[in-house]
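What the coordinates show
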Amino acid sequence: MPNVSAISAENLGAMEYTQRVLEEALRLYPPVWLFTRRSHEEDELAHFDVAPGTDIYLSPFVLHRTEHYWPEPDRFDPGRFAPTDKPKNDRPYFPFSLGPRRCLGEFFSFLEMKLHLGLLLPRFRMSLVDHAQPKLELAINLREAEDIHVRPETRSDTRKLYDTMIDLLAEAKDRDREIRFIDGADKESVLRFEELWD
């Protein structure tokens, strides 16, 4: 998004790659790492008898990193959430829980994260101050044990990228194709500008 005036539901909805990045980040680091439920009646779960009043613990942090469901589970790969023919329920994914107790803030959190990234990343490169693997704190919410510090650096080529993006998007519209930019100056930072029209 070039500026605040460009914010719209359509533009935020068009940030499909950003959505996949966020979903993959939440696969690895779900905000709540453990959910509990209690059975109300006798049941069977994975060939185990479940008596009424049994506490059942579900951990998205564990299931999201189980190789049976997620190949190379510790590798960050937003491509896992690319559109496919597979049903969405073919593997466990519930960073915001599921069912009637699913987090009401899920939609708003994605909206807010895309808004922040859409406004900041075209203007700044973010680099870690400390590259040490952060330690986690397992409280009610999963969080880092210590603050993670990043250093913002102004993109000197932002205006040039923006002008190029506008030109190429116009060309893409004429040719009815999708354009993606990869910022070669920083191989770890991939900028994807996607079509903002149907």
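Here the structure is shown first, and the text comes after it.
Below, the structure is looked at part by part.

1. Describing the overall build of the protein
Within the protein one finds five helices and eight strands. Shown N-terminal to C-terminal, the secondary structure of the protein runs as helices and strands in the order α-α-β-β-β-β-α-α-β-β-β-β-α. For the protein, with 198 residues in total, the buried portion stands at 29%. Taking all contacts inside the protein whose residues are at least 6 apart in sequence as the whole, residues at least 24 apart take part in 61%.

2. Quick notes on a nonpolar patch on the surface
Among the surface-exposed residues, L120, L121, M126, L128, I148 and V150 lie close enough to one another that they form a single nonpolar patch of about 470 Å² accessible area. Considering the arrangement of structural elements, one finds V150 in strand β8 (residues 150–154). The exposure class assigned to V150 is partly exposed, which follows from its relative accessible area of 45%.

3. Describing unusual backbone geometry
With phi around 70°, H47 is a residue other than glycine that occupies positive phi space. Mapping H47 onto the fold places it in the loop between β2 (43–45) and β3 (48–50).

4. Brief notes about the packing of aromatic side chains
Inspection of every chain in the model, using the stated rule, returns five aromatic pairs. Ring pairing ties together the aromatic residues W70, F81 and Y93, which thus form one cluster. Stacked on the ring of Y29, the Lys or Arg R65 has its end atom at 5.1 Å from the ring centre. For R91, the ring lying beneath its charged end belongs to F81, and the centroid distance is 6.0 Å.

5. Quick look at a negative patch on the surface
A surface patch of negative charge is lined by E41, E42, D43, E44 and D49. Topologically, E41 is positioned in the loop between β1 (35–38) and β2.

6. Let's talk about helix α2 (residues 16–28)
The terminal C-alpha atoms of α2 lie 19 Å apart, and with 13 residues this matches the ideal 18 Å at 1.5 Å per residue to within 8%. Counting buried residues in α2 gives 10 out of 13 residues, a clear majority hidden from the surface. Taken residue by residue, α2 has Y17, T18, Q19, R20, L22, E23, E24, L26, R27 and L28 as its buried positions. Each element contacted by the buried residues of α2 is listed here: α3 (60–63) and α4 (106–120).

7. Re the side chain of E24
Positionally, E24 belongs in helix α2. Given a relative accessible area of 0%, E24 falls into the buried group. Leaving out residues up to four positions away in the same chain, E24 has contacts with R75, F76, D77, P78, R80 and F81.

8. Some words on the pattern of salt bridges
For the coordinates displayed, the defined rule picks out seven salt bridges. Among the salt bridges present, the one from D77 reaches R75, with a minimum N-O distance of 3.5 Å. Residue D77 is classed as partly exposed on the basis of its relative accessible area of 22%. The partly exposed category is assigned to R75, whose relative accessible area is 39%. For R102, the salt bridge is made with E106, and the minimal N-O distance between the two is 2.6 Å. Residue classification places E106 among the buried residues on the basis of a relative accessible area of 17%. Several salt bridges share partner residues, and in doing so they unite E24, R27 and R80 into one network.

9. Details of α4
Relative to the 21 Å expected for 15 residues at 1.5 Å per residue, α4 spans 21 Å between its end C-alpha atoms, a close match to the ideal helical length. Those residues of α4 not exposed but buried are E106, S109, F110, K114, G118 and L119. As for α4, its buried residues are in contact with α1 (9–13) and α2.

The rules behind these values
Residues numbered from 1 in each chain as written. Predicted model: local features only at pLDDT ≥ 70, side-chain atom pairs only at ≥ 80, totals over all residues. Heavy atoms only, no water. Helix = DSSP H or I, 4+ residues; strand = E, 2+ residues; numbered from the N terminus. Buried < 20%, exposed > 50% of the residue type's maximum accessible area, 1.4 Å probe, protein only. Contact = heavy atoms within 4.5 Å. Patch = residues over 30% accessible without salt bridge, like charges linked within 9 Å, V, L, I, M, F, W, Y side chains within 5 Å. Areas by Shrake-Rupley, 256 points an atom, 1.4 Å probe, with all protein chains shown as cover. Salt bridge = Lys/Arg side-chain N within 4 Å of Asp/Glu carboxyl O. Phe/Tyr/Trp six-rings, centres within 6.5 Å; stacked < 30°, edge-to-face > 60°. Lys NZ or Arg CZ within 6 Å of the ring centre and 35° of its normal. Lys, Arg positive; Asp, Glu negative; His and termini not counted. Charge placed at Lys NZ, Arg CZ, Asp CG, Glu CD. Expected span 1.5 Å × (residues − 1).

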